Amino acid sequence: MKLHKNSLKLAGLYLAIIMFISLFFSAAIFQLSVAELDRGLRHPGPMGQLGPEARLPADIRDVLRQDREIRYTEAKDRVAGRLIAVNGIIFIAAGFLSYYLSLRTLRPIEEANERLERFTADASHELRTPLSVMQSEIDVALTDPKLSLAKARAVLSSNLEEITRLTDLSAALLQLARLGGDSLPKQELGLSAVVQKAVEEITPLASQKDIKIMVPVMDEGVVMGDEPSLFQAIAILLDNAVKYSPKKSKIDVQVEATPKNIIIKVADRGPGIKDSELPHIFERFYRADSSRSRAHTNGYGLGLAIAQSIVGMHNGSISVESSYGKGSTFTIQLPRAK
Ligand code: ADP
């Protein structure tokens, strides 16, 4: 509705500009045509006045003059009529074209605006939740006249948890904002070493769930990149794989080199992602239904958005294939260093 209203406004502006130009030229054409007609029919000049006509009797010359006058008025009306018709056609055609162009111009802006509004609303919601939890816990503690030390400690440790969540969330938000801006400092680096490091980091967490991370011999893929950022993108995929995998399962990690790209795959045997959710999982704050409860995971739905921004800043792409109930494979593709 908002898009429709704004498009109409912009289309009105486009149309006004087009019609101003069209009417300006029409007026000029009309003036020129009238001047030409005037010269040709009303005041034909020395040829008409001193030529054969001059030798005709005065009454016949009068009739001829009147006839020219009539033809002059008719021709003038015809020119005016045609110009009005042309302007009418231009008005209708330009009206449609302006509306179409304004829709095309405004749609991406409107979409970006909607995304920003959604992002702000989601971010405020996520920030408010831990704050409300803390507030109500403190309220209850303060109004309890017999608050024991043990209870006070429990409230403080719960508050600390919420503060940690808030710190993590604000760090993630700050990082997303930064990733949208400057480019990253890049240098040649071997991706298998980065993957190896990320696997080592996640292994203790995987061991807690008895999950094995399988890393076969990997290609030594060299890319131009920022090591900490690429490490983070890979760590996000591994972290998700561990988070969503069942106990005692396996995660396969691969690095493959093709002539142009280096491909990193992280495949898990977790719950998979529904087809209807697949297009959204890289959106900020998106959490698939099955993982929405905070008890199950404690993410914000920002991990994949961050990974996608990082990969995008390396001119690469990130994608997912998943069969619901069987597992998911996330793939990062990065251009090889020349
Ligand atoms: P979160 O912090 O919630 O994990 P992400 O941005 O990392 O946020 O992931 C977004 C959503 O994508 C998750 O909530 C989850 O539903 C889905 N998802 C991500 N990775 C996996 C995976 N390996 N298996 C199943 N679902 C996944």
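No experiment lies behind these values; they were computed from the predicted model shown.

Once that is clear, we can look at the sheet that holds strand β6 (residues 317–323). Taken together, five strands build an open sheet; the order of strands is β2-β4-β5-β7-β6 and the sheet is mixed. Each end of this open sheet is capped by a strand with a single partner; those strands are β2 (212–214) and β6. Ignoring which end each strand starts from, the neighbouring axes of this sheet average 15 degrees apart. The sheet contact formed by β6 and strand β7 (residues 327–335) spans seven bridges and is antiparallel. Across the sheet, Ser317 pairs through a bridge with Gln333, a residue of β7.

Before going further, it helps to spend a moment on the side chain of Glu126. Among the structural elements, Glu126 can be located in helix α3 (residues 58–143). Within the structure, the side chain of Glu126 is placed 2.3 Å from the side chain of Arg287, a separation counted as a polar contact. With residues up to four places along the chain from it excluded, the contact list for Glu126 reads Arg165, Leu169, Phe285, Arg287 and Tyr300.

By the definition in use, this model includes three aromatic pairs. On the numbers, 6.3 Å between centres and 75 degrees between planes, the contact of Phe282 with Phe330 is edge-to-face. Placement of the pair is Phe282 in the loop between β5 (261–267) and α7 (303–313) and Phe330 in strand β7, with a sequence separation of 48 residues. In terms of burial, Phe282 and Phe330 fall into one category: buried.

About the thresholds
Residues numbered from 1 in each chain as written. Predicted model: local features only at pLDDT ≥ 70, side-chain atom pairs only at ≥ 80, totals over all residues. Heavy atoms only, no water. Pairing = 2+ DSSP bridges. Helix = DSSP H or I, 4+ residues; strand = E, 2+ residues; numbered from the N terminus. Axes fitted to C-alpha atoms, helices over the stretch in contact; angles between N-to-C directions. Polar contact = N/O pair within 3.5 Å; in protein donor to acceptor, adjacent residues only side chain to side chain. Contact = heavy atoms within 4.5 Å. Phe/Tyr/Trp six-rings, centres within 6.5 Å; stacked < 30°, edge-to-face > 60°. Buried < 20%, exposed > 50% of the residue type's maximum accessible area, 1.4 Å probe, protein only.

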